[in-house]
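# Chains, contacts and geometry: an overview
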Amino acid sequence: MSFSPNSSQPPSPPASDSLAASDRVALVVGASGIAGSALVDRLTADGWRVLALARSEGRQAPGVEWIAADLRSPESLRQALEGRGVSHVFFTAWSRQATEEQNIVVNGGMVRDLLAALDGSAVVHAALVTGLKHCLGPFDAYAQGEMPDTPFHEDEPRLDVPNFYYAQEDELFAAAERQGFTWSVHRSHTVIGHAVGNLMNMGLTLATYASICRHLDRPFVFPGSETQWNGVTDMTDSTVLAEQMVWASTSPAGANEAFNVVNGDIFRWRWMWPQLAAYFGVEPVGFETSPRPLEQQMEGMGDVWATIAAQHELVEPDLGRLASWWHTDADLGRDIEVVTDISKSRLAGFHTHHRTVDSFTALFDRYRHERLIPAA
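Definitions and limits used
- Residues numbered from 1 in each chain as written.
- Predicted model: local features only at pLDDT ≥ 70, side-chain atom pairs only at ≥ 80, totals over all residues.
- Heavy atoms only, no water.
- Helix = DSSP H or I, 4+ residues; strand = E, 2+ residues; numbered from the N terminus.
- Buried < 20%, exposed > 50% of the residue type's maximum accessible area, 1.4 Å probe, protein only.
- Contact = heavy atoms within 4.5 Å.
- Polar contact = N/O pair within 3.5 Å; in protein donor to acceptor, adjacent residues only side chain to side chain.
- Core = buried A, V, L, I, M, F, W, Y, C linked by side-chain atoms within 4.5 Å.
- Salt bridge = Lys/Arg side-chain N within 4 Å of Asp/Glu carboxyl O.
- Arc of directions from axis to C-beta.
- Expected span 1.5 Å × (residues − 1).

## Details of the side chain of Gln244
Mapped onto the elements of the fold, Gln244 is located in helix α8 (residues 238-250). What makes Gln244 buried here is its relative accessible area of 0%. Other than its neighbours up to four places away in sequence, Gln244 contacts His186, Phe259, Asn260, Val261, Ser345 and Phe350.

## A closer look at the environment of Asn260
Along the chain, Asn260 turns up in strand β11 (residues 257-261). The class of Asn260 is buried, set by a relative accessible area of 2%. Once the C-alpha coordinates of Asn260 and His186 are considered, the two residues, 74 residues apart in sequence, prove to be 5.8 Å apart. Among all residues touching Asn260, those that are not within four sequence positions of it are Leu132, Phe152, His153, Glu154, Arg187, Gln244, Thr340, Asp341, Ile342 and Ser345. Side-chain polar atoms of Asn260 contact the backbone oxygen of Phe152, separated by 3.0 Å. A polar atom in the side chain of Asn260 sits 2.9 Å from the backbone oxygen of Asp341.

## Let's talk about unusual backbone geometry
Omega for the peptide link from Thr150 to Pro151 comes to -5°, which places this bond in the cis form. With respect to the helices and strands, Pro151 occurs in the loop between α4 (133-136) and α5 (164-179). At Asn256, a position not held by glycine, the phi torsion is positive, near 60°. Considering the arrangement of structural elements, one finds Asn256 in the loop between α8 and β11. Using a relative accessible area of 1% as the deciding quantity, one classes Asn256 as buried.

## Concerning the nonpolar core
Counting 44 residues, the largest nonpolar core has Leu206, Tyr209, Phe220, Trp269, Trp305 and Phe360 as its most contacted members. If you list the elements that add at least two residues to this core, you get α6 (202-216), β8 (220-221), α9 (269-280), α11 (302-312), α12 (325-332) and α14 (356-369). With eight residues, α6 is the single largest residue contributor to this core.

## Points about the pattern of salt bridges
In total, this model carries 14 salt bridges according to the counting rule given. The partner of Arg158 in a salt bridge is Glu169, with the nearest N and O atoms 3.0 Å apart. Here Arg158 is found in the loop between α4 and α5, whereas its partner Glu169 is found in helix α5, with eleven residues between them in sequence. A relative accessible area of 2% places Glu169 in the buried class. Between Arg187 and Glu169 there is a salt bridge, with the nearest N and O atoms lying 2.9 Å from each other. Of the two residues, Arg187 is situated in strand β6 (residues 182-188) and Glu169 in helix α5; the sequence distance between them amounts to 18 residues. Like Arg187, the residue Glu169 is buried in the burial classification. Each of the salt bridges in this network shares a partner with another, and the network as a whole consists of Arg158, Glu169, Asp170 and Arg187.

## Quick look at helix α2 (residues 74-81)
For an α-helix the count is 3.6 residues per turn, leaving residues at separations of three or four pointing the same way. Buried within α2 we find Leu77, Ala80 and Leu81. Down the axis of α2, the buried set is contained in an arc of 85°. They therefore lie on one face. For α2, the elements touching its buried residues are β1 (25-29), β2 (49-53), β3 (64-67) and α3 (100-116). Phi turns positive one or two residues past the end of α2, at Gly83, with a value near 75°.

## Some details on α5
For α5, with 16 residues, the first-to-last C-alpha span of 22 Å sits near the 22 Å given by 1.5 Å per residue. Of all the positions in α5, only Phe164, Tyr165, Tyr166, Ala167, Gln168, Glu169, Leu172, Phe173, Ala175 and Ala176 are classed as buried. On its buried face, α5 sits against β4 (88-91), α3, β5 (125-131), α4 and β6. N-capping of α5 is provided by Asn163, with a side-chain oxygen placed 2.9 Å from the backbone N of Tyr165. Positive backbone phi, at 85°, marks Gly180, one or two positions downstream of α5.

Put into structure tokens, the structure is as follows:
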């Protein structure tokens, strides 16, 4: 069993999760996001009752109750959660601020206030999603200075820079010790999944980019760095992340542990890019002499997307709600190798494995079915 690297005392003994699925009440924070929506699907499929907390209400489903609360207001959280009987918490939300110091105040505070609002509930376990910025550093110091060698392991020491992930973890550890529940932390790498209006959604970003290229009869140009084009990397399907979080929240092996979570395969973008291009019927063009960011390639394409949406009767004509060019540019533009070790969760009993190319194509199929992008 591990515990907070900043704590002088070990955590309280793990609580026993002896509840039947039908008696479990999951609070999914950020339920309309990439990770949150996959969790809602997984939990309801397993027979859980789900309280879905989000800024905007998502799709209706049996066993799901959508609730609204201001994550930055302790009073709003208490009013929304009082008497709800929450047994398990899945925290997937974050709010990007102008500086990392503000990120720490806001995002650490949201975890603290959310868990404090549940101090009267019989919470068994709380799971927190973070990511590989744990090893790579925050946005304003990303991949700067000395970093651990790849593949990244869960026991890497914290970097000597401010990081809101560390603040969130510390609030989780403190609440767990104070309130007597177990915890888990899930460090994902480039999550792809089904969500609209998300700040970090490479899957939908690449799907809209490829659809625009096809509409304009333009080549599908890789936007990133030579290192990313030629090096090995990995990714996280949101369904894999959801499965790991549910597993950790109900398995003794998942209690009070941090886990990396990726699909389990590795690939090179110079192989993956032609696979994605073939799906959309566009011409792939790889790295040549320098990165060609999507923010530049796709500048002013809002009207083009509105035309595509009208021609194909798509449900979202606003390109800004579908594509996050800046995030995909940051991910694919890195001049470092990023590969994740997942031996820890494998040895603990979590064995889900996906091929990333299949994750992409299944996601694109769903986008087409739901008329977010044009059909073939």
